[in-house]
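Descriptive analysis of the structure
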Amino acid sequence: MAHPLFHPGELRAQQLAQFDSVHAGIYPTMPDQHREFYAALPYLFVATVDAHGWPVATLFTGPPGFLRSPDDRHLRISAPRCEDDPAQAALHPGKPVGALGLDFSNRRRNRVNGTVSRMDKNRLEIEVQQSFGNCPQYIQRRQLVAQQNHSQAIEHLAELDDAARQTIRQADTGFVASYAHLELAQGGVDISHRGGLPGFMHLERHSLWIPDFRGNRYMNTLGNLLAEPRAALLLADFESGDVLHLQGITQIVWQPDAVPNPTPAERYWRFDIQRAWRFAGALPWRGRNVEYAPTTLQTRAP
């Protein structure tokens, strides 16, 4: 029997992955432990859809407490917006939105999907429609050290330059924004984490080959990509503080042997880069003392 919490793309992806049954802990409101979790975070990853139908992703930051939930149906972000940021500029009341909270100190992560219920210059509120946690797999533990003098100079890249390619090659963490079936209660915008050893996203000319390792079997991202192949990637450089935002067209490769430089992945997806932006020095902290997750270490090629 089809699970009512999954849209047709997700159900199709589960079928193609040959999952017999998927049990989901997806809720219409935020549990108290999730509300407490968000309130302690100094950052939140957020995705929406721009005026041209492209997914876009961004990062909001602030002191712990800048995220709060007045009740279990609403998550409030108190932070100024940057209108030069393509994702933040696309946020308006009524827009679909997905958000991911991730604690780099303990690998805990939770997600909410919903719509923007209200906003002003320094505040945005999400009306939650789906709330769920994810396992700590492939999340690298990091100590975040505050960087007092940070900027957010935004540069549109007509082509990937050497610095952008270096960011991709050394990345062990990424965030993918996708969406599908906005007309359905099970559909919407989603932003999810991807992790691996440095270089796990293999860059070949203007395409990225991204492994899909064993996960929670929900197939939220790949289910979205089956229905809507456009996606966005957000890559943070924890040394320089730069953030790279990419938009591209995706194609799922269900047989991992068909890709260059395969790793122990269950499947791959190709991301053909169409647009790129760099947010120089956008992170108000730097990441130190990286500790790779045990599951990440198991992805080494034999």
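This report concerns the structure included in the present document. Note that this is a predicted model, so its numbers are computed, not measured.

A word on the pattern of salt bridges
Within the structure shown, the criterion is met by 17 salt bridges. Notably, a salt bridge pairs R111 with D190, separated by 2.6 Å at the nearest N-O pair. A residue pair is termed long-range when its members are at least 10 positions apart, and R111 in strand β6 (residues 108–120) and D190 in strand β11 (residues 188–195) qualify at 79 residues. Of the two residues, R111 and D190, neither departs from the other in class, the shared state being buried. Connected via shared salt-bridge partners are R194, D212, E266 and R267.

Description of the environment of A90
With respect to the helices and strands, the residue A90 is situated in the loop between α3 (86–89) and β5 (96–103). In this structure, the C-alpha to C-alpha distance between A90 and T221, residues 131 residues apart in sequence, is 21 Å. Setting aside its immediate chain neighbours within four residues, A90 contacts T48, V49, D50, V56 and K95.

Quick word on the nonpolar core
Core analysis: the biggest nonpolar cluster contains 32 residues, and L160, I168, L208, L233, L246, W269 and F271 have the highest contact counts within it. Within the residue set of this core, elements represented by two or more residues are α4 (162–170), β13 (207–212), α5 (220–227), β14 (230–236), β15 (243–253) and β16 (267–280). Beyond its immediate stretch of four places on either side in the chain, I168 contacts L160, M201, L203, L208, L235, L244 and L246. Grouped together as the second largest cluster of nonpolar side chains are 25 residues, Y43, V49, A232 and F238 included.

Observations regarding the packing of aromatic side chains
Applying the stated criterion across every chain, the model contains 9 aromatic pairs. On the basis of an interplanar angle of 20° and a centroid distance of 6.4 Å, the ring pair of F238 and W285 is categorised as stacked. Of this pair, F238 sits in the loop between β14 and β15 while W285 is found in strand β17 (residues 285–291), placing the two residues 47 residues apart along the sequence. W285 matches F238 in its accessibility class, with the two residues each being buried. Taken together, the aromatic side chains of Y43, F45, F104, F175, F238 and W285 make up a single cluster linked through ring pairs. Lying across the ring of F238, R142 places its NZ or CZ 3.9 Å from the centre. The positively charged end of R230 is found above the aromatic ring belonging to W54, 5.4 Å away from the centroid.

Analysis parameters
Residues numbered from 1 in each chain as written. Predicted model: local features only at pLDDT ≥ 70, side-chain atom pairs only at ≥ 80, totals over all residues. Heavy atoms only, no water. Salt bridge = Lys/Arg side-chain N within 4 Å of Asp/Glu carboxyl O. Helix = DSSP H or I, 4+ residues; strand = E, 2+ residues; numbered from the N terminus. Buried < 20%, exposed > 50% of the residue type's maximum accessible area, 1.4 Å probe, protein only. Contact = heavy atoms within 4.5 Å. Core = buried A, V, L, I, M, F, W, Y, C linked by side-chain atoms within 4.5 Å. Phe/Tyr/Trp six-rings, centres within 6.5 Å; stacked < 30°, edge-to-face > 60°. Lys NZ or Arg CZ within 6 Å of the ring centre and 35° of its normal.

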